[in-house]
Protein chains: 2
Amino acid sequence: MKNVKVIIWGMGAMGSGMAEVLLQKKGVDVVGAIDIGEKVGKPIFDILGKEFPGNENIIIGTVEETITEKAADIVLLCTDSFTVKAFDKIKLIVENKMNVITTAEEMAYPKAQSPKLAETIDELAKANGVSVLGTGVNPGLIMDTLVLVLTGACTDIKHITSRRVNSLSPFGQAVMEEQGIGITVEDFEKGKADGSLSGHVGFPESIGLIVEGLGWEIDEIEQSMEPIVTDVDREAPHGEAKAGEVAGVSMKAFGKKDGKTIIEMDHPQQIEPEQVGVNTGDYVIIDGTPKVNMVGSPEVEGGIGTIAMCVNMIPQTINARPGLVTMIDLPIPRAILGDFRDQIHPDAKIVR
Amino acid sequence: MKNVKVIIWGMGAMGSGMAEVLLQKKGVDVVGAIDIGEKVGKPIFDILGKEFPGNENIIIGTVEETITEKAADIVLLCTDSFTVKAFDKIKLIVENKMNVITTAEEMAYPKAQSPKLAETIDELAKANGVSVLGTGVNPGLIMDTLVLVLTGACTDIKHITSRRVNSLSPFGQAVMEEQGIGITVEDFEKGKADGSLSGHVGFPESIGLIVEGLGWEIDEIEQSMEPIVTDVDREAPHGEAKAGEVAGVSMKAFGKKDGKTIIEMDHPQQIEPEQVGVNTGDYVIIDGTPKVNMVGSPEVEGGIGTIAMCVNMIPQTINARPGLVTMIDLPIPRAILGDFRDQIHPDAKIVR
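Only a predicted model underlies this, so the values are computations on that prediction, with no experimental measurement involved.

Novice: I tried to follow the domain arrangement of chain A on my own but got confused; where do I start?
Specialist: A common way to report how large an interface is uses the accessible area buried once the components associate. All names here are of chain A. By the assigned domains, chain A splits into domain 1 (4-136 + 304-343) and domain 2 (145-299). On the domain 2 side, the residues contacting the 15 residues of domain 1 number 13 residues. Buried area between domain 1 and domain 2, summed over both chains or domains, comes out near 1,300 Å², and the portion from carbon and sulfur atoms is 68%. Of all residues in domain 1, Glu 105, Tyr 109 and Ile 328 bury the most surface against domain 2, accounting for 39% of the area lost on that side. Put simply, domain 1 and domain 2 have 1 salt bridge between them. Where Lys 111 meets Glu 212, a salt bridge forms, and the shortest distance between an N and an O atom there is 3.0 Å. At the boundary of domain 1 and domain 2, one finds 3 residue pairs in polar contact (both at pLDDT 80 or more). When the residues that make up the side of domain 1 that touches domain 2 are grouped by side-chain class, the tally is 9 nonpolar, 3 polar and 3 charged.

Novice: Can you walk me through the pattern of salt bridges in this structure?
Specialist: Side chains bearing opposite charge may pair, as long as their charged atoms lie close to each other. Residue and element names in this part refer to chain A. On inspection of all chains with the given rule, the structure shows 32 salt bridges over all chains. With a shortest N-O distance of 2.8 Å, Lys 291 and Asp 287 are connected by a salt bridge. Given a relative accessible area of 57%, Lys 291 falls into the exposed group. Relative accessible area serves as the criterion here: at 28%, Asp 287 is assigned to the partly exposed category. Connected through shared salt-bridge partners, Arg 163, Lys 252 and Asp 266 make up one network.

Novice: Honestly, the side chain of Ser114(A) in this entry has me stumped. Any pointers?
Specialist: All names here are of chain A. Locating Ser 114 in the fold gives a position in the loop between strand 4 (99-102) and helix 5 (115-128). When its relative accessible area of 11% is taken as the criterion, Ser 114 is described as buried. Setting aside anything within four residues of it in sequence, one finds Ser 114 in contact with Thr 83 and Glu 106.

Novice: Can you help me understand the side chain of Asp282(B) in this one?
Specialist: One can find Asp282(B) in strand 12 (residues 281-289). For Asp282(B), the contacting residues outside a window of four places in its chain are Ile142(B), Arg163(B), Arg164(B), Met294(B), Val295(B), Gly296(B), Glu299(B) and Val300(B).

Novice: Even after reading the chapter, I still don't get the nonpolar core, so can you show me in this structure?
Specialist: Nonpolar side chains in soluble globular proteins tend to be buried together. Leu22(A), Ile314(A), Leu22(B) and Ile314(B) are the most contacted members of the largest nonpolar core, which has 178 residues in total. If sequence neighbours within four positions are ignored, Ile314(A) has contacts with Val4(A), Val6(A), Leu22(A), Ile74(A), Leu76(A), Ile101(A) and Phe340(A).

Novice: Help me understand the sheet that holds strand 14 (residues 323-325) of chain A, please; the structure alone is not making it clear to me.
Specialist: Backbone-to-backbone hydrogen bonds join strands into a sheet, with any given pair of strands oriented parallel or antiparallel. Residues and elements named next belong to chain A. Strand order across the open sheet formed by 6 strands is 2-1-3-4-5-14, with parallel pairing between neighbours. The strands lining the two open edges of the sheet, one partner per strand, are strand 2 (28-34) and strand 14. On average, each strand axis in the sheet is inclined to that of its neighbour by 20°, with strand direction left out of account. Note: strand 1 (residues 4-9) against strand 3 (residues 74-77), 4 bridges, orientation parallel. Opposite Trp 9, over in strand 3, you have Leu 77 as the bridge partner. Sheet strands in contact with helix 4 (residues 83-95) are strand 1, strand 3, strand 4 and strand 5 (131-134), and its direction is about 170° off that of strand 3.

Novice: Quick question: what am I supposed to make of the interface of chain A and chain B here?
Specialist: Chain A puts 51 residues into the contact, and the matching count from chain B is 51 residues. Regarding the contact of chain A and chain B, the summed buried area is about 4,000 Å², with carbon and sulfur atoms giving 66% of it. Sorting the residues of chain A by area buried against chain B places Thr155(A), Ile332(A) and Leu337(A) first, and these three jointly supply 16% of that buried surface. Summed over the shared surface of chain A and chain B, the result is 0 salt bridges. Here chain A and chain B share 25 residue pairs in polar contact (both at pLDDT 80 or more) between them. Elements supplying a minimum of two residues to the side of chain A that touches chain B: helix 6 (145-151), strand 6 (156-167), helix 9 (203-214), strand 13 (292-296) and helix 10 (302-312) of chain A.

Novice: Explain the sheet that holds strand 11 (residues 260-270) of chain A here, please?
Specialist: Strands sit in the order 7(A)-10(A)-11(A)-6(A)-12(A)-13(A)-13(B)-12(B)-6(B)-11(B)-10(B)-7(B) across an open sheet of 12 strands; the sheet is mixed. Each edge of the open sheet carries a strand with a single partner, namely strand 7 (220-229) of chain A together with strand 7 (220-229) of chain B. Between one strand axis and the next, the sheet turns by 10° as a mean value, whatever way the strands run. Pairing analysis gives 6 bridges linking strand 6 of chain A to strand 11 of chain A, with the strands arranged parallel. Paired with Asn166(A) across the strands is Gln269(A), a residue of strand 11 of chain A.

Novice: I'm lost on the relation of the copies chain A and chain B in this one. Help?
Specialist: Both copies of the chain are placed relative to one another by a rotation about an axis and a shift along it. Superposing chain A onto chain B takes a rotation of 180° combined with a translation of 0.0 Å along the rotation axis, leaving an RMSD of 0.0 Å. Each copy turns onto its partner about a two-fold axis. Considering only C-alpha atoms, the part of chain A nearest the rotation axis is Pro331(A), at 2.0 Å. Both copies present the same face, since 100% of the interface residues in chain A are matched by interface residues at the equivalent positions in chain B.

Novice: Honestly, the UniProt feature "domain: 2,4-diaminopentanoate dehydrogenase C-terminal" (unreviewed entry) in chain A in this entry has me stumped. Any pointers?
Specialist: Under the UniProt annotation, "domain: 2,4-diaminopentanoate dehydrogenase C-terminal" (unreviewed entry) lies at residues 141-345 of chain A. Within residues 141-345 of chain A, the helical portion is 26% and the strand portion 33%, while the C-alpha atoms at the span's ends are 23 Å from each other.

Novice: I keep staring at the confidence of the model for chain A and nothing clicks. Help me out?
Specialist: Close inspection of predicted coordinates is inappropriate for parts of the model with low pLDDT. Of all residues in chain A, 100% attain a pLDDT of 70 or more, and the chain-wide mean is 96. The ipTM assigned to the predicted complex is 0.95, against a pTM of 0.95.

Novice: Even after reading the chapter, I still don't get helix 9 of chain A, so can you show me in this structure?
Specialist: All names here are of chain A. Over its 12 residues, helix 9 runs 16 Å from end to end, which matches the ideal 16 Å to within 8%, given 1.5 Å per residue. For helix 9, the buried fraction is high: 11 of the 12 residues fall into the buried class. For helix 9, the full list of buried residues reads Phe 203, Pro 204, Glu 205, Ser 206, Ile 207, Gly 208, Leu 209, Ile 210, Val 211, Gly 213 and Leu 214. Taken together, the buried residues of helix 9 touch helix 6, strand 6, strand 7, strand 10 (246-257) and strand 11. Immediately beyond the C-terminal end of helix 9, within one or two residues, lies Gly 215, with a positive phi of roughly 70°.

Here is what the cut-offs are and how they apply
Residues numbered from 1 in each chain as written. Chains lettered and ligands numbered in written order. Predicted model: local features only at pLDDT ≥ 70, side-chain atom pairs only at ≥ 80, totals over all residues. Heavy atoms only, no water. Domains from an automatic or database assignment. Contact = heavy atoms within 4.5 Å. Buried area = accessible area lost by both parts, 1.4 Å probe. Salt bridge = Lys/Arg side-chain N within 4 Å of Asp/Glu carboxyl O. Polar contact = N/O pair within 3.5 Å; in protein donor to acceptor, adjacent residues only side chain to side chain. Nonpolar A, V, L, I, M, F, W, Y, C, P; charged D, E, K, R; others polar. Buried < 20%, exposed > 50% of the residue type's maximum accessible area, 1.4 Å probe, protein only. Helix = DSSP H or I, 4+ residues; strand = E, 2+ residues; numbered from the N terminus. Core = buried A, V, L, I, M, F, W, Y, C linked by side-chain atoms within 4.5 Å. Pairing = 2+ DSSP bridges. Axes fitted to C-alpha atoms, helices over the stretch in contact; angles between N-to-C directions. Least-squares fit on C-alpha atoms with pLDDT ≥ 70 in both. UniProt positions renumbered as here; feature names shortened; annotations may be inferred. pLDDT = per-residue confidence, 0-100. Expected span 1.5 Å × (residues − 1).

Encoded structure:
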């Protein structure tokens, strides 16, 4: 079998990180990279700031140059958070008969916010014999897949709490803007009101995955979003907040059935939480038979976690039946420490 | 779609527990139960000690009466720990064209101890168009699947520690005997030497799943097994140990590469640990990029956890491609709280 061929679309913090990981793995080649503006025409090693001996130093190209029929086995799409924004790009990739993994949070369970686009993507993917997955550390792992895996030990469940207290510091410029890092409370409220501040994108998706995975039913999802205002100046690699400014967002969501909350999501996220004594961590608390009380501390790091999940789900996505898939349709995620080709099923949809 | 039809083979603590859970679930029927001796001919509600209105009170039968061609969609086989002992039963079920889930610990990854039987089971299952899965709480979830799922957030790993400090109290008579509960240290050493005391069965299987899942390589697995001698009298539902007797087993295993341990498994298990101030818990510690440090406390309860895993993996096993499958081949485990039929793929191997 030839090496697995990957194109990375979007060479920001996430896409660059995936390139760097893939360039150090066996049985997989980065055969294309896409960005806009000044990055186009630059060799990938320049963007990554180091050499990767034994790998081709490919040139970052435009969409038109790079997305051609069967140019790769899979495209890692790292450009958007919302299904509606990612849709045209996914369509183009799929019509060029390549599988897709995207970091777009809404794509972890696109039925939640864009059911019609989800249906169209499913049809397009089936028609072109490829699979489309949205994943990342969250949504994708911590507040949905991990929760579901732990319910595997339960015969019955009354209530689920998923709590993620995390640092935004590892994330790039796009995330800083989405979270309102460094803006005033007034601007935060304005951005929240006009929808330009998204905060964490992923609650309806994580809740959707849990509900579908368990075969549960809910009537509604309530969400809240409040600013975390810092008392001290905080500085992260891609964003900063002076005292009195917004250093993060406290997000909550409640999945309700008959007016009663059965799924609770609590997700305060901010830059540099250590500066103010906040201990980060991931919590899964299942009130069921039996009870589950799991704590990971500190939290599984957001940036590298998302990079890892997208890279690690490549074989499962290539192996999957054609169509739109989610984390509950595929075999369990796990790190790939050996040759990527060993994880590819002999009958998988791979460009030979 | 008709209800999913299940036969339970072995009405001990595990099989009875599965029957009880299934009799309370939607879209699934217990259509047969098998045991030996006095239980044969008894109505299942008598054995379970309660009524389940709306369900048929089936009579516990013999193997010959119950295992007939396509008598059910799946058989839950809860009689053995070792592949070699379970093999003839699995063969019979598979040749009668029914899927199998077994609690036999070695069947979680039968390639580890019985590679030839594993191959034969795979061939038989494929020839008969059915799937065979071994699972449970451990092996099956805590020391393998859960570990692997958490590695999904990692790009690289140096060392993995999985620790399970658990109570044996929820388990049945078979487990008490396998663990040497209530025997003397002298008898423990004798049983260990002649192989009649198995302790925890599952380390080579959990390590095998991790190694294959990650695409890692190891050269050898070292195991150790020491008695946990109690200072106080302990009494559990299915076993007891007087002061000075064996109340449990401290098991360890080390997966080594080039003489260096890369996977460490630590699993002290005993009846009534609370009586002597031992806090139970499940630990996953990954020295990788990023580091993962997960603790579930108390441990996910062994008895009900195994019952749940076997019941909850029914749809994934019915949906799977024919052959011998493991937890790394199938979609993530999760509780089934709705109708079982909603989790069955339209093209799955189900008896219509």
